[in-house]
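Overview (structure and organization)
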Amino acid sequence: MAIEKDIDGTEKNSPFDSTLEYDNLPQVVIVGRPNVGKSTLFNRLLHSRRSITDPTPGVTRDPIEETAFLNGYPVKLMDTGGFKLDRDIGTMEAVMDELVVEQTLRALKNADLILLLLDASLITGEDEEFIALLRPYWHKVIAAVNKTEGGRLEEEAWNYMRFGFESILFISAEHGDRINDLIETIVSRLDFSKVKQQEKPEFIRIAIVGKPNTGKSTLSNRLTHTEASIVSDYAGTTRDVVEGSFEYGGRNFQVLDTAGIRRKAKVTANVEYYSVNRAIKSLDKADVVFIVIDAQEGLSEQDKKITALAHQRGRGIIFVLNKWDTQEQGRTALHKAEQNIRIMFGHMSYAPIVALSALEGKGIKNLLNTTIELYEQLTKKLETGILNTALQDWVVAYPPPASRSAHFKIRYMVQTSSNPVVFLLFASRPEVVSETYLAYLRNKIRSDLGFDKIPVLLELKASRKKWEEREKS
């Protein structure tokens with residue numbers, strides 16, 4: 001009998017509610033050699049394009065973890081990097097391959113169920129070596145042969161039975177063939193008795209962005225107390241957005257570790273293009289953005305572009321001066337570094353600057369306290385009466401121009417949203433309100449109303465009525 005499902009893939013009348021948060025979820029880890037379709041299957045089970053998929057072998061490096069609902073049952077689903085045996089010894093790519101394998105082997109130990117994905121077309125030495133490594137975990141392995149759409153290569157795929165699997169599933173991650181059979185097998189092998197459900201907590205969402213090699217992954221791992229992100233001096237190590245969570249000061253945080261954003265001229269490969277695109281999109285999910293700057297190298301034009309994107313979205317921004325342990329210590333050195341940032345970002349004097357060492361853990365407490373302060377400002381909402389009382393004082397202190405051609409009247413103002421913080425200003429002639437006057441009002445909102453560390457977005461609209469008259473009508 002077919003299972004009736006909701007649009008998000010959860011089973012109707014499921015004992016679990018997809019809108020809730022879950023603890024003690026069973027973990028399902030998808031493993032296999034490169035290019036067998038692990039990321040495609042991960043996205044298929046998740047009902048979204050979470051992992052980057054590309055024909056290039058070895059695209060996935062960091063383990064990507066998400067909660068997936070399989071026939072209405074929540075599991076912690078992990079996509080891992082491919083087990084690669086053939087390496088060019090002495091190259092940075094070989095070092096990366098070794099780090100990927102270490103991450104995968106670590107995931108095997110923690111998994112409740114291991115989904116071994118194989119390719120129908122060919123049994124390779126990497127398959128044989130990886131299967132041998134799985135022997136200690138044989139009791140929790142499910143074998144699935146991918147790319148068998150429409151019965152393609154099934155006869156050849158039966159050759160995998162010689163490795164001693166009790167059964168093999170033939171699937172197509174790309175076309176969806178027999179995915180329901182795979183899901184039912186996974187669910188039948190898991191214990192959900194320890195799963196606890198609760199209301200989703202409020203998260204402060206942090207996006208860690210910056211140029212390659214500034215220490216973003218080191219900072220992410222330091223914050224989450226994990227080794228979820230691979231750390232390497234090799235530029236372009238992180239490709240997918242790696243997510244993690246932690247608690248501090250009674251608050252829940254979610255971290256998005258992104259790929260290093262390079263100049264467009266240097267982004268040539270398809271994989272890096274998608275990595276950078278997802279890093280930029282992570283700004284849409286974030287509350288606060290850490291612009292990570294290497295204290296040894298200083299600022300670049302690319303830092304300016306990344307920051308502009310975050311500012312346009314109204315995100316809280318913190319300039320994180322990382323690797324500060326490598327610099328001359330003292331107030332003078334820090335003041336000079338802060339000056340350099342302020343010169344490049346003259347219109348963003350509100351954004352805090354935090355010097356730290358992600359490697360040593362110094363300055364992390366200050367960074368998180370500052371993050372909480374920014375989040376409280378981002379989520380602050382003012383009553384219209386308080387706002388317009390302040391607005392009247394500002395207009396009296398700095399009246400609009402008196403000349404006929406440039407004259408306008410400020411009618412009233414309302415806060416239309418928080419996080420991002422947006423105000424709508426009603427004026428008699430919005431088309432002649434100068435950017436200088438808008439900058440004045442934005443600065444007064446920050447300094448007088450408690451928004452001194454975040455961007456304030458100000459929009460204009462025409463109105464002939466004052467606020468008091470509008471309230472009466």
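Use the structure listed above.
These numbers were taken from a predicted model, which means no experiment stands behind them.

A few words on the packing of helix α6 (residues 216–224) against helix α10 (residues 364–378). At their nearest, the axes of α6 and α10 sit 12 Å apart, and the two run at 80 degrees to each other. One way to sum up the angle between α6 and α10 is to call them roughly perpendicular. On α10, the residues that touch Leu219, Arg222 and Leu223 of α6 are Ile364, Leu367 and Leu368. Grouping the constituent residues of the contact of α6 with α10 by class yields 5 nonpolar, no polar and 1 charged.

Moving on to the sheet that holds strand β17 (residues 457–462). Neighbouring strands of a sheet are bound in pairs by backbone hydrogen bonds; such pairs are parallel or else antiparallel. The 3 strands lie next to each other as β15-β16-β17, forming an open sheet whose pairing is mixed. Looking at which strands have only one partner, the edges of the open sheet turn out to be β15 (410–417) and β17. Adjacent strand axes in the sheet meet at a mean angle of 25 degrees when their direction is disregarded. The sheet contact formed by β15 and strand β16 (residues 422–427) spans 6 bridges and is antiparallel.

Tallied over the full model, the rule gives 16 salt bridges. With its nearest N and O atoms 4.0 Å apart, the salt bridge here joins glutamate 149 to arginine 152. Glutamate 297 is the salt-bridge partner of lysine 211, the closest N and O atoms lying 3.6 Å from each other. With lysine 211 in the loop between β9 (203–210) and α6 and glutamate 297 in the loop between β12 (288–294) and α8 (301–312), this residue pair connects regions lying 86 residues apart in the sequence. You can call lysine 211 buried: its relative accessible area is 16%. Judged by its relative accessible area of 55%, glutamate 297 falls in the exposed class.

As a further point, take the environment of alanine 120. For alanine 120, the location among the structural elements is in the loop between β5 (113–119) and α3 (125–133). Accessibility expressed as a relative area gives 3% for alanine 120, which makes it buried. Sequence separation between alanine 120 and threonine 148 is 28 residues; the distance between their C-alpha atoms is 6.4 Å. Contacts of alanine 120, omitting those with residues within four sequence positions, involve Val145, Asn146, Lys147, Thr148, Leu153, Glu156 and Ala157.

A few words now on the pairing of β12. By the criterion of burial, β12 is predominantly enclosed, with 7 of the 7 residues buried. Bridge count for β9 against β12 is 5 bridges, and the pairing is parallel. Each bridged residue has a counterpart across the sheet, and for alanine 207 the counterpart in β12 is valine 289.

Moving on: the packing of aromatic side chains. Under the counting rule described, the total for this entry stands at 12 aromatic pairs. Ring geometry for phenylalanine 246 and phenylalanine 253: centres 4.8 Å apart, planes at 5 degrees, overall stacked. The same class applies to phenylalanine 246 and to phenylalanine 253, which are both buried. On the basis of an interplanar angle of 55 degrees and a centroid distance of 5.6 Å, the ring pair of tyrosine 437 and tyrosine 440 is categorised as tilted.

Turning to α3, a few remarks are in order. For α3, the set of buried residues is Glu126, Asp127, Phe130 and Ile131. All buried residues of α3 fall inside an arc of 130 degrees around its axis, so they share one side.

Considering the arrangement of structural elements, one finds serine 172 in the loop between β7 (169–170) and α5 (179–188). We classify serine 172 as buried; its relative accessible area is 1%. Within the structure, serine 172 has its side chain in polar contact with the side chain of glutamate 149 (distance 3.0 Å). Those residues in contact with serine 172, other than ones at most four positions away along the chain, are Asn146, Lys147, Thr148, Glu149, Asp177 and Ile179.

Reading guide: rules and limits
- Residues numbered from 1 in each chain as written.
- Predicted model: local features only at pLDDT ≥ 70, side-chain atom pairs only at ≥ 80, totals over all residues.
- Heavy atoms only, no water.
- Axes fitted to C-alpha atoms, helices over the stretch in contact; angles between N-to-C directions.
- Helix = DSSP H or I, 4+ residues; strand = E, 2+ residues; numbered from the N terminus.
- Parallel < 35°, antiparallel > 145°, perpendicular 65-115°, else oblique.
- Contact = heavy atoms within 4.5 Å.
- Nonpolar A, V, L, I, M, F, W, Y, C, P; charged D, E, K, R; others polar.
- Pairing = 2+ DSSP bridges.
- Salt bridge = Lys/Arg side-chain N within 4 Å of Asp/Glu carboxyl O.
- Buried < 20%, exposed > 50% of the residue type's maximum accessible area, 1.4 Å probe, protein only.
- Phe/Tyr/Trp six-rings, centres within 6.5 Å; stacked < 30°, edge-to-face > 60°.
- Arc of directions from axis to C-beta.
- Polar contact = N/O pair within 3.5 Å; in protein donor to acceptor, adjacent residues only side chain to side chain.

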